Amino acid sequence: MATNTQSNLPLPPAIGSSWEAVDPPAGLKAVDFGPIQPLLDDPTVTEIMVNGPKLVFAERKGVLSETDVTFESDDHVREIIERIAKPLGRTVSRKTPLLDARLPDGSRVNAVIAPCAIDGPSITIRKFSSKRLTAADLVSFGTMTQPVADFLQGCVAGRLNIVVSGGTGSGKTTLLNVLSGFIPSDERIVTIEDAAELNLHQKHVVRLEMARPDPDGTGEVTIRELVRNALRMRPERIVVGECRGGEALDMLQAMNTGHDGSMTTLHANTPRDSISRIETMALMSGIDFPIKVIREQISSAVELFVQQTRLRDGTRKITHLTEIAGMEGDRVVLQDIFRMENGQLRACGLRPHFLTKLETAGIKFGPEAFMPSPRR
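In this text the structure is predicted, and so the values were computed from the model without any measurement. (Residues numbered from 1 in each chain as written. Predicted model: local features only at pLDDT ≥ 70, side-chain atom pairs only at ≥ 80, totals over all residues. Heavy atoms only, no water.)

Trainee: Just to check I follow, could you spell out the sheet that holds strand β11 (residues 205-209) for this structure?
Mentor: Sheet strands pair by backbone hydrogen bonding; their relative direction is either parallel or antiparallel. Spatially, nine strands are ordered β11-β10-β12-β13-β9-β14-β15-β16-β17 in an open sheet, and the strand pairing comes out mixed. Two strands in the sheet have a free side with no partner beyond their single neighbour: β11 and β17 (344-347). Going from strand to strand, the sheet's axes swing by 25 degrees on average, the running direction of each strand aside. Across seven bridges, strand β14 (residues 304-310) lies against strand β15 (residues 316-328) in antiparallel orientation. If you follow Q308 over to β15, its bridge partner there is I318. Lying over the sheet, helix α7 (residues 223-230) contacts β10 (189-193), β11 and β12 (237-240), oriented at roughly 170 degrees with respect to β10. (Pairing = 2+ DSSP bridges. Helix = DSSP H or I, 4+ residues; strand = E, 2+ residues; numbered from the N terminus. Axes fitted to C-alpha atoms, helices over the stretch in contact; angles between N-to-C directions. Contact = heavy atoms within 4.5 Å.)

Trainee: What should I look at first to understand the pattern of salt bridges in this one?
Mentor: Once the charged atoms of two side chains with opposite charge are near each other, the side chains can pair. Tallied over the full model, the rule gives 25 salt bridges. A salt bridge links R60 to D42; its shortest N-O distance comes to 3.1 Å. With a gap of 18 residues between them, R60 in strand β3 (residues 56-60) and D42 in the loop between α2 (37-41) and β2 (45-51) connect regions that are remote in the sequence. By relative accessible area, R60 is classed as partly exposed at 32%. Close ionic contact of R224 with D250 constitutes a salt bridge, the shortest N to O distance being 2.5 Å. Of the two residues, R224 is situated in helix α7 and D250 in helix α8 (residues 247-255); the sequence distance between them amounts to 26 residues. (Salt bridge = Lys/Arg side-chain N within 4 Å of Asp/Glu carboxyl O. Buried < 20%, exposed > 50% of the residue type's maximum accessible area, 1.4 Å probe, protein only.)

Trainee: How should I be thinking about the layout of surface pockets in this particular structure?
Mentor: With a probe scaled to a water molecule rolled over the atoms, the places where space remains empty come into view. There is about 810 Å³ of room inside the largest pocket. What lines the largest pocket is a set of 42 residues, and nearest its centre among them are E47, R108, R126, T173 and E197. Contributing elements (two or more residues each) for the lining of the largest pocket: β2, β6 (108-112), β7 (122-126), α6 (172-180) and β13 (263-267). In terms of residue count, the dominant contributor to the lining of the largest pocket is α6 (four residues). Looking at the lining of the largest pocket, its residues break down into seven nonpolar, 21 polar and 14 charged. Of the pockets and cavities examined, the second largest pocket occupies roughly 490 Å³. Contributing to the lining of the second largest pocket are 21 residues, with R90, L99, D100, R212 and P213 lying nearest its centre. Broken down by element, the lining of the second largest pocket gets its largest block of residues, five residues, from strand β5 (residues 98-102). (1 Å grid on protein atoms, 1.4 Å probe; cavity = no way out; pocket = protein on both sides within 12 Å on 5 of 7 lines; lining within 4 Å. Points joined across faces, edges and corners; volume = space filled by probe spheres on them. Nonpolar A, V, L, I, M, F, W, Y, C, P; charged D, E, K, R; others polar.)

Trainee: Which parts of the structure should I look at to understand the environment of I298?
Mentor: Following the sequence through the fold, I298 ends up in helix α10 (residues 291-301). You can call I298 buried: its relative accessible area is 0%. Ignoring sequence-local partners within four residues, the contact set of I298 consists of L252, I275, I278, E279 and I324.

Trainee: Before we go on, may I ask you to explain unusual backbone geometry in this structure?
Mentor: Across residues other than glycine, the phi torsion is negative in most instances, and most of the peptide bonds are trans. Put simply, A114 and P115 share a cis peptide bond, and its omega is 10 degrees. Even without being a glycine, R234 presents a positive backbone phi close to 50 degrees. Relative to the assigned elements, R234 resides in the loop between α7 and β12.

Following this line, the structure appears as structure tokens:
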């Protein structure tokens, strides 16, 4: 592997995302979505939320606002839901009132009808973007700085185990896409998702997606089963779109048994919260480990947390790059390498413990990479 430096790491080919304006998705045009069709055709709209027949919201550039779009009645909304479900071989009824599906173009649709939807049928559509983003795009958006982009590329190339954490809509999947693009093209990658959103440019990629149960309750394949199966596929990298349950334990064990360089996302508001979240998910596996044992697993498996946050103005920013620095008693020790201060992502002046691992892989950062920049 060629030696990399802080400032001249080459950026990979662009990766798909949903942050920028999107072209009208071809997969959506195959179905007439009635009153919300103009929103679907609007390239500035990235998400649509129908809260009953008379209340429709749309997100543009990260900002959510009410639209003047309305449906005639609850039955009108349900008719649109049925139009979505039928081509996908799915049904919605009183016995199966939830629909969670991926359209052919990659857009995600969630719908809920009575008896679960109290104020009328609900539809949520997250549009799939045909535009591919790069780390350079995220730098231009202000999501991260160029030094942070260079550092993250080195961390991925150096096979660190990375967890991207953040709230709903904070851009975790977009960031994971960009980070996954830093994986060398000669490595075998297995991606695992509940609904396929990752769009890697490498050729040696196997994409796995969970299967939801049929109406009779059979046919389900969980994320956890896919993670276990991936270990038998000779992966060099495992990328889990999001850990939500017991698969977190399997992911930790994979990271601890030679599958370094793996990545995933989870919902958490801070790196410290991420530790608690992983503990909770590991306990959901049904294996009764003492908390200290789980924390030791986390400490030895995860090397870097990347915290992503959606701010009030709709922008998404990386607010923390935090490493696990070991254990003190039964507590996991965290150390911020970069942290957002007064709106600026700055180095904290601390040398990461995993630099030795990166240097072994031929990736070197000088001390200036971690010197705090002047406060503005």
